[in-house]
Structure formats: C-alpha cells, structure tokens
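# Structural description and commentary
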Amino acid sequence: MILPVLLVLPVAAHADPFRPSREQQIQLGERAAKDLKAKEKVLPESDERVKMLRSIGNRIIAKLSDKDKNWPYTFDVIDKNEVNAFALPGGKTFFYTGLLSKMKTEDELAAVVGHELTHAYREHFASSYADAQKRELGLAVLLTILRADRNMVTVAAISNQLLFDLPFSRRHETEADDRGTDAMVLAGFNPTGAANVFRMFQELKKGGASPEFLSTHPDDKNRVKRIEDRIKKMKVTWGPLKPLPWAKP
Ligand SMILES: [Zn+2]
C-alpha cells in the first residue's frame, strides 16, 4: 500500500528537495566550465568558428520564451578532435572543433545548439540528479526527507565529472530534439539541417566510430525519422541551407 501514502504527502506544494536549484545549477556549470578551460585549449573569440557559434546561439536564444531566455548562456569552442558538444547546467555551452569540422551548414550547427540549449533551460541535469538520488534512498528515508521540506542538495557533493557521467533519459533527448528543432526554425534556420546532422551522427556510429556525442546522447534509430516527420508537419517555409564558411564544398 505504498501508493496511497505517497499520494497524501504534501510534496506538490514544495520544491523537490533533491533537485539542484537554479542558483546551484549555475554554480555547478560555472565550476565545471572553469575546470574545463584550465584543462583544454579554448579557441579565442576572434576565431571564425567561435564567432559563428555565438552568432547562431544568440539568434536562437532571442526566440526563446522570456523564462527560457533567462539563463547565463555562453558559447565556447574547444580545440580537440572529438565529435561532441554539450551545455552545462546553467547554460555554458561548448562545441569541439572535431564536431564543427564535420558540419556542412549553419543549419546543422543551429540544430545542435537548439538541442543543447534545451537540455540547459529545461534543467535536464537537475531532474536526472534528483531522480538518481531518490533511486538510491530507501522509501523510509525518502519519506522522512520529503516531509522535512528542505533542500538536500549541496554543490560540493556533486563532482564536475558527474555533470558528464549522469546520462539524460530518452525522454530528455526527445524533448531536446523536438524543442531544439522548433527553436532553430523560429530563429530562421532550415530544419533539414537537424535531420542532416542527426543522420551524420548515425552514420558515424555505423562506421565504427563512437563519437562522444553519441555515447552521451543515446542513439535512437527512430530519431531522424521523428525529426523528419516533425518537419513535414511544420506550416512554415524556410530558406536554402547555408554552407558554413569553413566547410569543404
Ligand atoms: Zn542531448
């Protein structure tokens, strides 16, 4: 008879005590970004790839809702031959040169930006962290803490590595694909770029490569089809795909 007990708990009125707050998410992201910048080579802001990423990022942010816009987003490029990109909690976003060099169009880049920003503003790490913590506790302990109604999260208890190791759920990935595609279209990009870039990830995986982006972003063979179906239903027109200046024809 566990369910009735849970149902009468007055938890709905309070924040989830296992969920990092907005301020904690921003703090975690800032700490991890600092650590990353100390370890990796970050391209200068004069680099055309950094300029392009920032310009696309800002165009997409401008079209988000006021609430979703309200995070301290930043965009940087790490000079490393890895096919990867990620947004830290709070919105600090990193792309690797290894991924940028594989992209052909601004629209592909916009699709991955839209996807990553969704993870940040929908606070996917905070949800995954809260769920993981709760899975580890026995029910009795869980109920006691929920009744106590206080924030159980401390930033110090969450390692930088955990920001990368804790996987997003399939539901989070689908949400990031859907909202990311919608956001890039609102910002004036061609959503064919989204289908193209996710097809490219799929092909890389088939070829035996295991790009980091795919290991942190579980592949779903329906993913490209889902995006294509979503595009077909959009009642807007878009311009041609725009080649990236560094892409080989
Ligand atoms: Zn993702």
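Look a little higher up for the structure.
In this report, we go over the structure that sits alongside the text. What you see is a predicted model, and the numbers here were worked out from it, not measured in a lab.

Moving on, we come to the overall build of the protein. For the protein, the helix and strand inventory stands at 13 helices and three strands. Long-range pairs, those at least 24 residues apart, make up 76% of the contacts in the protein with a sequence separation of at least 6. Of the roughly 12,900 Å² that the protein leaves accessible, carbon and sulfur atoms contribute 54%.

Residues Ile60, Tyr73, Phe95, Leu99, Met103, Leu109 and Val113 are the most contacted members of the largest nonpolar core, which totals 46 residues. Of all the elements, helix H6 (residues 106-121) adds the most residues to this core, at eight residues. Beyond its immediate sequence surroundings of up to four residues, Val113 is in contact with Leu53, Ile56, Gly57, Ile60, Phe75 and Phe95. Ranked by size, the runner-up nonpolar core spans 18 residues in total, among them Ala32, Leu36, Tyr96 and Ala132.

Our focus in this paragraph is helix H3 (residues 48-62). With 15 residues, H3 should cover 21 Å at 1.5 Å per step; its first-to-last C-alpha distance of 21 Å lies within 8% of that length. As for H3, its buried residues are in contact with helix H4 (66-69), strand S1 (74-78), strand S3 (92-96), H6 and helix H10 (170-186). With a side-chain oxygen positioned 2.8 Å from the backbone nitrogen of Arg49, the residue opening H3 is Asp47.

The end-to-end C-alpha distance of H6, which contains 16 residues, comes to 22 Å, matching closely the 22 Å that a straight helix rising 1.5 Å per residue would cover. Burial runs high along H6: 16 of the 16 residues are buried. Within two residues after H6, Glu123 carries a phi angle of roughly 55°, on the positive side.

To continue, consider the sheet that holds S3. Taken in spatial order, the three strands line up as S1-S3-S2 in an open sheet, and their pairing is mixed. Whereas interior strands pair on both sides, the edge strands pair on one side only; in this sheet they are S1 and strand S2 (85-87). The mean angle between the axes of side-by-side strands here comes to 15°, regardless of whether they run parallel or antiparallel. By the bridge criterion, five bridges tie S1 to S3 in an arrangement that is parallel. Bridging across to S3, Val77 finds its partner in Phe95. Across the face of the sheet, helix H2 (residues 22-39) comes into contact with S1, S2 and S3 while running at roughly 30° to S3.

Using the criterion set out here, one finds five aromatic pairs in the structure. In textbook terms, an aromatic cluster arises when at least three aromatic residues are bridged by ring pairs, as seen for Phe86, Phe94, Tyr96 and Phe164. Taking NZ or CZ as reference, Arg22 lies 4.5 Å from the ring centre of Trp71, over its face. It is Arg59 that lies over the ring of Phe189; its NZ or CZ is 3.9 Å from the centre.

This paragraph deals with the pairing of S3. Counting buried residues along S3, five of its five residues qualify, which places the element largely inside the surrounding structure. Taking every second residue as pointing to the same face, both faces of S3 are buried, with Lys92, Phe94 and Tyr96 on one and Thr93 and Phe95 on the other. The pairing of S2 with S3 spans three bridges and is classified as antiparallel. Residue pairing across strands places Ala85 opposite Phe95, the latter belonging to S3. Linking S2 back to S3 in an antiparallel pair, the connection comprises four residues, with Gly90 at a positive phi of about 95°.

The subject of this paragraph is the pattern of salt bridges. Under the definition given, this model contains 23 salt bridges. Close ionic contact of Arg22 with Glu23 constitutes a salt bridge, the shortest N to O distance being 3.9 Å. With relative accessibility at 32%, the residue Arg22 sits in the partly exposed group. Put simply, Arg226 and Asp178 hold a salt bridge, and the shortest N to O gap is 2.4 Å. Residue Arg226 is located in helix H13 (residues 223-233), and its partner Asp178 is located in helix H10; the two are separated by 48 residues in the primary sequence. Judged by relative accessible area, which is 40%, Arg226 ranks as partly exposed.

Here helix H11 (residues 192-206) crosses H13 at 175°, and the two axes come no closer than 9 Å. Considered as vectors, H11 and H13 are oriented roughly antiparallel to each other. For the pair H11 and H13, contact is made by Thr192, Ala194, Ala195, Phe198, Arg199 and Gln202 and by Arg223, Val224, Ile227, Glu228 and Ile231, respectively. Of the residues assigned to the contact of H11 with H13, the class counts are six nonpolar, two polar and three charged.

Conventions used here
Residues numbered from 1 in each chain as written. Predicted model: local features only at pLDDT ≥ 70, side-chain atom pairs only at ≥ 80, totals over all residues. Heavy atoms only, no water. Helix = DSSP H or I, 4+ residues; strand = E, 2+ residues; numbered from the N terminus. Contact = heavy atoms within 4.5 Å. Areas by Shrake-Rupley, 256 points an atom, 1.4 Å probe, with all protein chains shown as cover. Core = buried A, V, L, I, M, F, W, Y, C linked by side-chain atoms within 4.5 Å. Buried < 20%, exposed > 50% of the residue type's maximum accessible area, 1.4 Å probe, protein only. Expected span 1.5 Å × (residues − 1). Polar contact = N/O pair within 3.5 Å; in protein donor to acceptor, adjacent residues only side chain to side chain. Pairing = 2+ DSSP bridges. Axes fitted to C-alpha atoms, helices over the stretch in contact; angles between N-to-C directions. Phe/Tyr/Trp six-rings, centres within 6.5 Å; stacked < 30°, edge-to-face > 60°. Lys NZ or Arg CZ within 6 Å of the ring centre and 35° of its normal. Salt bridge = Lys/Arg side-chain N within 4 Å of Asp/Glu carboxyl O. Parallel < 35°, antiparallel > 145°, perpendicular 65-115°, else oblique. Nonpolar A, V, L, I, M, F, W, Y, C, P; charged D, E, K, R; others polar.

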